[in-house]
Amino acid sequence: MSTPVSTTGLPPAAFALAAHAVEATGVGKVFTTRAGAVTALEDVHLTIGAGEFVALIGPSGCGKSTLLRLIADLDTPTSGELTVFGRSPRAAREAQDYGIAFQQAGLLPWRSVRANIELPLELHGVGRSGRTVRSTELLELVGLTEFAGHFPHQLSGGMQQRVAIARSLAEQPSLLLMDEPFGALDEMTRERMQTELVRICAESRAAVVFVTHSIPEAVFLADRVVVMSPRPGRIAEVVPITLTRDAAGRDEDLREDATFFAAVTRVREALHGDGHVRAARGVDVR
Amino acid sequence: MTPAPERVRRGWVRPLRRLAVGVLAGLAAAAIWELYTLLGPDAGGHLFGASLLPRAEARSMPHVWDVVARMLAPESSATGAPSVAVAMLQACWFTLRVALAGWLAGVVAGFGLAIGMQRFRLAESAVFPWVVLSQTVPLIALAPLVVGWGGKIQVGDLVWERWMSVALIASYLAFFPVAVGALRGLQSPEQAHVELFRAQAASPWRTFRSLRLPASVPYVIPALRLAAATAVVGAIVAEVSTGTKGGIGRLIIAYAQAASGDPAKPWAAIVGAALLGLVAAGLVSLLSLGLGRYRHSEVS
Ligand SMILES: Nc1ncnc2c1ncn2[C@@H]1O[C@H](COP(=O)(O)OP(=O)(O)OP(=O)(O)O)[C@@H](O)[C@H]1O
Ligand SMILES: [Mg+2]
């Protein structure tokens, strides 16, 4: 499970040239519905460097999924400018710069687990033997080797979600977009997948935009935690996370580390506090 | 890996069991029929002068065994006349082939229409009402027109034959369920799946082949079966209204004329027509045997 990035169709140079994986300037999104206009996002400024791990966190309805969908070119912003690896989201999508895992697994019920994981490879013309090699690696990674021939309806929700994660990783994308991918997992699998994800990202130097509702998860995974606030959805604060990490990624001890708890507290305050309360930050680090 | 024997068993046991249930249902229908001839009023049931129940005497409702016996007896008193059953089977074979041709044409047309309507929203709103409207035109009115047009067609060596008109009319009935079912099926993938393919920058053709087509299977299979039944009905009605010889439609008319002196004879033809519909639908079910994995309900 240590394949270099260069096995994807994209030469690393293609995105090494562009300094930033994602660059949003004043991005807004207004949905026009029958009931009226809904401002899902307003004036979002965010720059995500190549290889950087950014977690989006915030209360329900603050536009996290919407921001992810804009980056993925599944929706278009109504204002502002958004680029992905220096090009329009559309061009980035067509160049298959990113892998995506949605809130729901979204597996094709008529495909076996293995065939579901191989779908992106198949769509992009990877040969049968290449697909088998890659899907075998990924099956092992998500711990579903014995279930390769099963069909989605024979799996639990958490197992389905793991298949979806494996699928998003299939092409070793330079940008990973993940919308609460671990939400359906049990705590143990969740922690294992988190550790794996950190390792994969360190190895493949992929940038990640990771939506989550869990503060510890955001802190454990991310280089920066983007805290969002609702109505209208906007970025309230960006909390940089400086945890001591080694080249192999963050190990399990980190979860009990004091700096970890300090970071958790900072994110929690940013999430709950408004401006003036935040001034008192640092007073109570439990 | 999924154990292979299990899947094989699931593939074969279910159709066999359905066949057994079908046979049992046929026997039950025969038993009810007999029970009615036994217990029903010979003069029929009347309420305020309107006749509600059929007359239970042998002329209106011959015994099941009489019908069977009539089938085995010669068709007419002429020497060398085939038995009713043989004549019936020959006629069924003729009609089945014509209906099959009509079914095929209808499936191609219906699926083509569905693809067009799925692909282009405008086409859907423009074409769909006409698709529905097409089925309100009575077949009887259509038949002579088709025969008339057919008579004028001559492309090279191809001469328009009478059975082609019949097949065309059958296809006119058969395309409808296919168009409706396939359209629903092609539109059935959920938003998340469509977006998955969009995120992969899959071409419309790829999305069709790998997503919409497999997702449409649970909708298309019943539509194909329905189309087979309507193609048979269409072929029979078209045979009658175009005066085409050789098929079961013609046989029904001919035998019906003998009803007064030979009451079991028309029933033999009717049984034949019913069997024909079953066989046609059964043939389509065979088509779906290999498609089991596309047919369990959507999960995830
Ligand atoms: N297609 C749409 N049409 C209209 N309004 C929408 C649409 N999609 C999202 N919204 C609105 O935009 C806002 C943000 O939605 P979004 O799904 O991005 O929230 P979220 O932060 O992902 O929430 P959650 O944590 O519950 O997933 C919500 O108020 C929602 O009602
Ligand atoms: Mg969301």
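Described below are features of the structure shown in this document. Keep in mind the model is a prediction, meaning the values are calculated, not measured. (Residues numbered from 1 in each chain as written. Chains lettered and ligands numbered in written order. Predicted model: local features only at pLDDT ≥ 70, side-chain atom pairs only at ≥ 80, totals over all residues. Heavy atoms only, no water.)

## Overview of the overall build of chain B
Part 1 of the argument: A tally of helices and strands in chain B yields 10 helices and 4 strands.
Part 2 of the argument: N-terminal to C-terminal, the α/β element order of chain B is α-β-β-α-α-α-α-β-β-α-α-α-α-α.
Part 3 of the argument: Burial status across chain B gives 37% buried among its 300 residues.
Part 4 of the argument: Once local pairs closer than 6 in sequence are excluded, the contacts in chain B between residues at least 24 apart make up 71%.
Part 5 of the argument: Accessible surface for chain B amounts to roughly 16,800 Å². Of this, 70% is attributable to carbon and sulfur atoms. (Helix = DSSP H or I, 4+ residues; strand = E, 2+ residues; numbered from the N terminus. Buried < 20%, exposed > 50% of the residue type's maximum accessible area, 1.4 Å probe, protein only. Contact = heavy atoms within 4.5 Å. Areas by Shrake-Rupley, 256 points an atom, 1.4 Å probe, with all protein chains shown as cover.)

## A few points about the side chain of A:Lys29
Residues and elements named next belong to chain A.
Part 1 of the argument: When you line up the elements, Lys 29 lands in strand β1 (residues 20-33).
Part 2 of the argument: In this structure, Lys 29 is buried with no salt-bridge partner, the nearest side chain bearing the opposite charge being Asp 75 at 4.1 Å.
Part 3 of the argument: There is a polar contact of 2.8 Å between the side chain of Lys 29 and the backbone oxygen of Thr 76.
Part 4 of the argument: Setting aside its immediate chain neighbours within four residues, Lys 29 contacts Val 38, Thr 39, Ala 40, Leu 41, Thr 66, Leu 70, Asp 75, Thr 76, Pro 77 and Thr 78. (Lys, Arg positive; Asp, Glu negative; His and termini not counted. Salt bridge = Lys/Arg side-chain N within 4 Å of Asp/Glu carboxyl O. Polar contact = N/O pair within 3.5 Å; in protein donor to acceptor, adjacent residues only side chain to side chain.)

## As for the sheet that holds strand β2 (residues 36-49) of chain A
Residue and element names in this part refer to chain A.
Part 1 of the argument: Across the sheet, 3 strands lie side by side as β2-β1-β4; this open sheet has antiparallel pairing. Looking along the sheet, the strands with just one partner apiece sit at the ends: β2 and β4 (79-84). Averaged over all pairs of adjacent strands, the angle between strand axes in this sheet comes to 20°, irrespective of strand direction.
Part 2 of the argument: Both β1 and β4 contribute to a ladder of 5 bridges, which runs antiparallel. Paired with Ala 24 across the bridge in β4 is Leu 82.
Part 3 of the argument: Of the strands in this sheet, β1, β2 and β4 are in contact with helix α2 (residues 64-71), which crosses β2 at around 65°. (Pairing = 2+ DSSP bridges. Axes fitted to C-alpha atoms, helices over the stretch in contact; angles between N-to-C directions.)

## Some details on the interface of chain B and chain A
Part 1 of the argument: At the junction of the two partners, chain B supplies 24 residues and chain A supplies 30 residues.
Part 2 of the argument: Between chain B and chain A lies a buried interface of about 2,500 Å² when both sides are counted; carbon and sulfur atoms form 61% of it.
Part 3 of the argument: Summed over the three residues of chain B that lose the most area to chain A, namely B:Leu196, B:Arg198 and B:Gln200, the buried surface amounts to 23% of that side.
Part 4 of the argument: The interface formed by chain B and chain A contains 3 salt bridges.
Part 5 of the argument: Across the salt bridge formed by A:Asp73 and B:Arg198, the nearest N and O atoms sit 3.7 Å from each other.
Part 6 of the argument: The tally of links between chain B and chain A comes to 6 residue pairs in polar contact (both at pLDDT 80 or more).
Part 7 of the argument: Every element with two or more residues in the side of chain B that touches chain A is listed here: α7 (191-199) and α8 (204-242) of chain B.
Part 8 of the argument: Among the elements that line the side of chain B that touches chain A, the one with the most residues is α7(B), at 7 residues. (Buried area = accessible area lost by both parts, 1.4 Å probe.)

## As for the site of ligand 1
Residue and element names in this part refer to chain A.
Part 1 of the argument: Taken together, 13 residues form the shell around ligand 1, and within it Ser 60, Lys 64, Ser 65, Thr 66 and His 213 come nearest.
Part 2 of the argument: Take Gly 63: an N or O atom from its main chain is 3.1 Å from an oxygen atom of ligand 1.
Part 3 of the argument: Between His 213 and ligand 1, the recorded distance is 2.9 Å, taken from a side-chain N or O atom to an oxygen atom.
Part 4 of the argument: Protein burial of ligand 1: of its 630 Å² of free accessible surface, 64% is covered by the chains.
Part 5 of the argument: Secondary-structure elements contributing two or more residues to the shell around ligand 1 are β1 and α2.
Part 6 of the argument: Tallying contributions element by element places α2 first for the shell around ligand 1, with 3 residues.
Part 7 of the argument: When grouped by side-chain class, the residues that make up the shell around ligand 1 number 3 nonpolar, 8 polar and 2 charged. (Near = heavy atom within 4 Å. Nonpolar A, V, L, I, M, F, W, Y, C, P; charged D, E, K, R; others polar.)

## As for the packing of aromatic side chains
Residue and element names in this part refer to chain A.
Part 1 of the argument: Under the criterion given, the structure shown has 5 aromatic pairs over all chains.
Part 2 of the argument: Ring centres of Phe 53 and Phe 210 lie 5.8 Å apart, and the angle between their planes is 45°; on these two criteria the pair is classed as tilted. With Phe 53 in strand β3 (residues 53-57) and Phe 210 in strand β7 (residues 207-211), this pair connects stretches of sequence that are 157 residues apart.
Part 3 of the argument: We classify Phe 53 as buried; its relative accessible area is 4%.
Part 4 of the argument: By relative accessible area, which is 0% here, Phe 210 ends up buried. (Phe/Tyr/Trp six-rings, centres within 6.5 Å; stacked < 30°, edge-to-face > 60°.)

## A look at the packing of helix α5 (residues 139-152) of chain B against α8(B)
Residue and element names in this part refer to chain B.
Part 1 of the argument: One way to put it is that α5 packs onto α8 with a least axis distance of 9 Å and a crossing angle of 65°. The crossing of α5 and α8 is right-handed. Touching Leu 139, Ile 140, Ala 143 and Val 147 of α5 are Gly 234, Val 237, Ser 241 and Thr 242, all from α8.
Part 2 of the argument: Taken together, the residues that form the contact of α5 with α8 break down as 5 nonpolar, 3 polar and no charged. (Left-handed = near helix turned anticlockwise from the far one by under 90°.)

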